[in-house]
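Examination of the molecular architecture
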Amino acid sequence: MAARDPEATKARIFQAAIDEFARHGIAGARIDRIASTARANKQLIYAYFGNKAELFTQVLDKCMIDLAVSVPVDPDDVEGWLDRLMDYHAAHPELLRLLFWEGLEYGSTELPDEDERQAHYARKVAALQDGQDRGVVSAAIPARDLLFLLVAMANWATVVPQMKRILVGAEDTDGDRLRTSIKEAARRITTPR
């Protein structure tokens, strides 16, 4: 009989949950499919992570932490940060899918982990505010609005690839042109005058 490895089981469940939620959203995800994909007992999922909504929150939180660690906001190199952000989301599109599903599910109502999410974004806003305070980023747009605008520009093509294909084009050169345009737009709204 093989030895049990609870941490390996949790990791398999977590990855299966990321894939399931990214593909089907909160309402459409099925714990049975997660258990089957993870080769784990369904009861273990509930024991380790709670109900489906709690599992979704934990999955999204971890994905957001991974992004924050991998691609911290860099007010001293906004264009480089946007490059890294777009590269990260190209390699990990599931995070944006999870956020999109969360938006569909919760709309503008409070999230189960609202306080943690506000703290998460406050750290990113603080980085941009620091850049504004030091004069390396324009203060023409409030830091929180600026973060929202920059993230939206960088992420929208991954969220709606069909719109990107129709409006921008499907060739690699089209994607390169869009990236250049996003960085130019960012430069124009972040460069101090």
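Residues numbered from 1 in each chain as written. Predicted model: local features only at pLDDT ≥ 70, side-chain atom pairs only at ≥ 80, totals over all residues. Heavy atoms only, no water.

1. Some points on the overall build of the protein
Of the regular secondary structure elements, the protein holds 10 helices and 0 strands. Secondary structure of the protein in N-to-C order comes out as α-α-α-α-α-α-α-α-α-α. The buried share of the protein, taken over its 193 residues, is 38%. Counting contacts in the protein only where the partners sit at least 6 residues apart, residues at least 24 apart contribute 63% of the total. (Helix = DSSP H or I, 4+ residues; strand = E, 2+ residues; numbered from the N terminus. Buried < 20%, exposed > 50% of the residue type's maximum accessible area, 1.4 Å probe, protein only. Contact = heavy atoms within 4.5 Å.)

2. Quick word on the packing of helix α5 (residues 78-91) against helix α8 (residues 143-159)
In contact at an axis separation of 9 Å, α5 and α8 are set at 35° when each is read in the N-to-C sense. At the point where α5 passes α8, the crossing takes the right-handed sense. On the side of α5, the interface is formed by V78, W81, L82, L85, M86 and H89, while α8 contributes L147, L150, V151, A154, N155 and T158. Its residues assigned to classes, the contact of α5 with α8 shows 9 nonpolar, 3 polar and no charged. (Axes fitted to C-alpha atoms, helices over the stretch in contact; angles between N-to-C directions. Left-handed = near helix turned anticlockwise from the far one by under 90°. Nonpolar A, V, L, I, M, F, W, Y, C, P; charged D, E, K, R; others polar.)

3. Let's talk about helix α6 (residues 94-106)
In this model, α6 (13 residues) spans 18 Å end to end at C-alpha, consistent with the 18 Å of a helix rising 1.5 Å per residue. Of the residues one or two after α6, G107 is the one with positive phi, at around 55°. (Expected span 1.5 Å × (residues − 1).)

4. Remarks on the environment of D74
The residue D74 is located in the loop between α4 (52-70) and α5 in this model. With a relative accessible area of 23%, D74 lands in the partly exposed category. Residues contacting D74, with those up to four places away along its chain left out, are W81 and R84. Of note is the side chain of D74, whose polar atom sits 3.0 Å from the backbone nitrogen of D76. (Polar contact = N/O pair within 3.5 Å; in protein donor to acceptor, adjacent residues only side chain to side chain.)

5. What to know about the packing of aromatic side chains
Applying the stated criterion across every chain yields a total of 3 aromatic pairs. Relative to F49, the ring of F14 has its centre 5.7 Å away and its plane inclined at 50°; by these criteria the two rings are tilted. With F14 in helix α1 (residues 6-28) and F49 in helix α3 (residues 42-49), this residue pair connects regions lying 35 residues apart in the sequence. F49 carries the same exposure label as F14, and that label is buried. Put simply, the rings of F14, Y48 and F49 touch in pairs and so form one group of aromatic residues. The residue whose ring lies beneath K10 is Y48, and the NZ or CZ to ring-centre distance is 4.8 Å. (Phe/Tyr/Trp six-rings, centres within 6.5 Å; stacked < 30°, edge-to-face > 60°. Lys NZ or Arg CZ within 6 Å of the ring centre and 35° of its normal.)

6. Observations regarding the nonpolar core
Residues F21, I34, L55, V59, W81 and L82 are the most contacted members of the largest nonpolar core, which totals 46 residues. Take this core: its biggest share by element is 8 residues, from α1. Setting aside chain neighbours within four positions, we find W81 in contact with V71, P72, V73, D74, L147, L150 and V151. (Core = buried A, V, L, I, M, F, W, Y, C linked by side-chain atoms within 4.5 Å.)

7. As for α5
Taking 1.5 Å per residue, 14 residues should reach 20 Å; α5 reaches 20 Å between its end C-alpha atoms and fits that length. As for α5, its buried residues are in contact with α4, α6, α8 and α10 (172-190).

These figures come from the coordinates and say nothing about function on their own.
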